[in-house]
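Observations on the model geometry
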Amino acid sequence: SASPRPSLAREWLEESFLPVIKKNNSSVQEKIATVTEHAAEQISLVINQKAGDGKVLVTGGGAKNSFLIERLKALSHAEIVIPETELIDFKEALIFALLGVLKFNDQTNVLRSVTGASRDSSSGKISLP
């Protein structure tokens, strides 16, 4: 059996996940619900292992996905805490700015230890006006 991925690496998504979704005859809404349920189940497994019945702060774009949050709350033993929208947006903007600066300087901004990719890389595209 394959070892679990620490993250949804692009390679895994393209090779293993998208072909299954594309072959399925379900509606777009059903596919999105299925993918979201799968993500919630995988995230909840980690939450339950690492946080137990503690608290987990959810930030980033996923914190705005009400269905994902509903499923995390149902599947996790931990208390799921969603901060104010301003904090979610600010953190997301800072992270993408950092990724952009790293890319601009041709420095690694994708770690294989996080994504499960075969190597570290500098991902993204700089488009000047």
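Whatever comes next refers back to the structure up there.
The text that follows walks through the structure, step by step, so that each part is easy to find. (Residues numbered from 1 in each chain as written. Predicted model: local features only at pLDDT ≥ 70, side-chain atom pairs only at ≥ 80, totals over all residues. Heavy atoms only, no water.)

A separate point is the overall build of the chain. Assigned secondary structure in the chain consists of five helices and two strands. Counting from the amino terminus, the chain carries its helices and strands in the arrangement α-α-β-α-β-α-α. Based on the C-alpha atoms only, the size of the chain along its principal axes is roughly 45 × 40 × 30 Å. Within the chain, the fraction of its 129 residues that count as buried is 19%. Pairs at least 24 residues apart make up 55% of the contacts formed inside the chain by residues separated by at least 6 positions. Here the chain displays about 9,500 Å² of accessible surface, and carbon together with sulfur accounts for 57% of that area. For the chain, the separation between the mean place of its 15 positive charges and that of its 15 negative charges on side chains is 6 Å. (Helix = DSSP H or I, 4+ residues; strand = E, 2+ residues; numbered from the N terminus. Buried < 20%, exposed > 50% of the residue type's maximum accessible area, 1.4 Å probe, protein only. Contact = heavy atoms within 4.5 Å. Areas by Shrake-Rupley, 256 points an atom, 1.4 Å probe, with all protein chains shown as cover. Lys, Arg positive; Asp, Glu negative; His and termini not counted. Charge placed at Lys NZ, Arg CZ, Asp CG, Glu CD.)

Before going further, it helps to examine the packing of helix H2 (residues 28-50) against helix H3 (residues 66-75). Two quantities define a packed helix pair, namely the angle between the helix axes and the distance between the axes. With their axes 9 Å apart at the nearest point, H2 and H3 run at an angle of 40° to one another. The angle between the axes of H2 and H3 places the two elements in the oblique class. When you trace H2 past H3, the crossing you get is right-handed. In contact with Ala33, Thr36, Glu37, Ala40, Glu41, Ile43, Ser44, Ile47 and Asn48 of H2, H3 contributes Phe67, Leu68, Arg71, Leu72 and Leu75. Grouping the constituent residues of the contact of H2 with H3 by class yields eight nonpolar, three polar and three charged. (Axes fitted to C-alpha atoms, helices over the stretch in contact; angles between N-to-C directions. Parallel < 35°, antiparallel > 145°, perpendicular 65-115°, else oblique. Left-handed = near helix turned anticlockwise from the far one by under 90°. Nonpolar A, V, L, I, M, F, W, Y, C, P; charged D, E, K, R; others polar.)

Now for the pattern of salt bridges. Tallied over the full model, the rule gives two salt bridges. Of the charged contacts, one joins Asp89 and Lys64 as a salt bridge, the two residues approaching to 2.5 Å between their closest N and O atoms. Pair noted here: Asp89 is in helix H4 (residues 85-104) and Lys64 is in the loop between strand E1 (55-57) and H3, with a separation of 25 residues, a long-range link. (Salt bridge = Lys/Arg side-chain N within 4 Å of Asp/Glu carboxyl O.)

Residue position: Thr36 is located in helix H2. For Thr36, a relative accessible area of 11% translates into the label buried. Setting aside its immediate chain neighbours within four residues, Thr36 contacts Asn65, Phe67 and Leu68.

Here we come to H4. For H4, which comprises 20 residues, the first-to-last C-alpha distance of 28 Å matches the rise-based estimate of 28 Å (1.5 Å per residue) to within 8%. Asp106 sits one or two residues past H4 and shows a positive phi near 50°. (Expected span 1.5 Å × (residues − 1).)

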